[in-house]
Amino acid sequence: MARKLIAVILLLAVFVVGVPLAAGLLLGAGGDEADGGDDEDFAGKLKTPQTITVWLTDEERAQELDFEEYVACVTASEMPADFDEEALKAQSVAARTYAMAKLSKYADAKPASHPEAALCDTTHCQVYKGEAELIAIHAEGWEESGLAKIKKACAATAGELLYYQGELVSQPLFFSSSGGQTENSEDVFSGAYPYLVSVSSPYEEQATHKNEEKSFSLTELAALLAAAYPEKSIGALSAENIKILDHTQGGRVSEIKIGSAVFAGTQVRSALGLSSALFTISFSADGTMITFTSNGSGHGVGMSQYGAHGMALAGSDYRQILTHYYSGTEVH
Ligand SMILES: [Zn+2]
C-alpha cells in the first residue's frame, strides 16, 4: 500500500516536474525498467505462439494467422494510427496479453459462441480486421503511413506481455476515454481485479465525447427503460422522482432512482445508448424533458486509449502508460 502511495506521489511529481525526470523517478519507485531492460530474471515469462486461430464471424470460418501480424491488425482495429507511437505500443501489449489469456483459458474447451477457436474477431473478444479490410476502410496512403507506423510499434513490443505478481494478466481491458478517472472493475463488471482499480486519467485533452447531451421526453425514457428492463416497475415519472443516488469511486453513476425503480448507472447507459455512465441529469423548465450530459466513452475499466495517447504526448513511454492504467503490473 505504502509503495503504491509512493508510486502515485512520484507519478504526480513526474507530471509536474516533466519528462526528463520521468524515467529516473519511476525507477526509484520500483517500477519496471524504463528502457526496456532484459528479462533474464523473470522466471514466469510466457512464450507467445507462432500462429493463432481466430474465428471470422462474418465468414463463419476459423483462420490461422501469424500471431504478431494478428496483434498488429488488432492494434490497428482498436486504436487510430495517428495516436502516439508509445500509446500504440501500449495497445499492442494489451492486445497481445488479451489473446494469450484467451488461448490459455480456452486451451481445451472453446467458447460456446465460437467452438472452433479461442478468439473471434468481434467485440465479443477483441476486434480483428485483416490487412486488406483495414486498407479498404482507411484513406488512400494509410497503408504506407498508418499501417506501417502501427506495425513498427507492434514489432517494438514483440512477444511482450503484461504480468501481475508473476502471473499473466487475464483482463487487460481498455476503452476509449474516461472523462478524467477510470473505474474499479467491480463497480462496472462482476469481478474485482487488483490491477483494474480506479486511477486518474489526466491527459485526455484530445478525447471526443465531452459534455455529450442526450435528451428524452419522460415518456420516451420510461419506454426505453421498460423495454430494456421489463422486470422493473417504474410507475409515473416526473422531474421530482428522478434522482441520482450514488456514485462509484471513479465518479460514474452507480445508482439512480427513476420513478419507483432503482437502476445501476451502467443499466441506464446501456438502455439509453449513452457513451458513458459518467453523467449528470437536468430537466426542461416544464419538467417534461430530461437531458443526460455524459463525459468519456466506454466502460471506464483499465486503459483509457485517449489517456494513453495523452500520457505519451506528455512524455511517458508504453511501460509507464501500462503500469499506470493496470496498477501493479509489469511488462516482460
Ligand atoms: Zn469471441
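Residues numbered from 1 in each chain as written. Predicted model: local features only at pLDDT ≥ 70, side-chain atom pairs only at ≥ 80, totals over all residues.

### Notes on the packing of helix H8 (residues 218-228) against helix H9 (residues 265-272)
Here's step 1: Between H8 and H9, the shortest axis-to-axis distance is 9 Å and the interhelical angle comes to 105°. When the axes of H8 and H9 are compared, the pair comes out roughly perpendicular. For the pair H8 and H9, contact is made by Leu224, Leu225 and Ala228 and by Ser270, Ala271 and Leu272, respectively.
Here's step 2: Taken together, the residues of the contact of H8 with H9 break down into five nonpolar, one polar and no charged. (Axes fitted to C-alpha atoms, helices over the stretch in contact; angles between N-to-C directions. Helix = DSSP H or I, 4+ residues; strand = E, 2+ residues; numbered from the N terminus. Parallel < 35°, antiparallel > 145°, perpendicular 65-115°, else oblique. Contact = placed C-beta atoms within 7 Å. Nonpolar A, V, L, I, M, F, W, Y, C, P; charged D, E, K, R; others polar.)

### Quick look at unusual backbone geometry
Here's step 1: At Glu60, a position not held by glycine, the phi torsion is positive, near 55°.
Here's step 2: Tracing the backbone shows Glu60 in the loop between strand S1 (51-56) and strand S2 (61-66).
Here's step 3: For Glu60, a count of 9 C-beta atoms within 10 Å gives the class exposed. (Buried ≥ 20, exposed ≤ 12 C-beta atoms within 10 Å, placed from the backbone.)

### Quick look at the pairing of strand S12 (residues 289-294)
Here's step 1: What you see with S12 is a clean split: Ile290, Phe292 and Ser294 sit on the buried side and Met289, Thr291 and Thr293 on the side with no burial.
Here's step 2: Sheet topology places strand S7 (residues 212-217) next to S12; six bridges connect them, and they run antiparallel. Its bridge partner lying in S12, Glu213 is registered against Thr293.
Here's step 3: With five bridges joining them, strand S11 (residues 279-283) and S12 adopt antiparallel strand pairing. Bridge pairing links Phe283 to Ile290 in S12.
Here's step 4: Counting the residues in the hairpin turn of S11 and S12 gives five residues, including Gly287, whose phi is positive at 75°. (Pairing = 2+ DSSP bridges.)

### A look at the sheet that holds strand S14 (residues 329-331)
Here's step 1: Taken together, three strands build an open sheet; the order of strands is S5-S4-S14 and the sheet is antiparallel. A single partner strand is all that each edge strand has here, and the edge strands are strand S5 (167-168) and S14.
Here's step 2: Here strand S4 (residues 162-164) runs beside S14; their pairing, made up of three bridges, is antiparallel. Pairing of Tyr163 across the sheet is with Glu330, part of S14.

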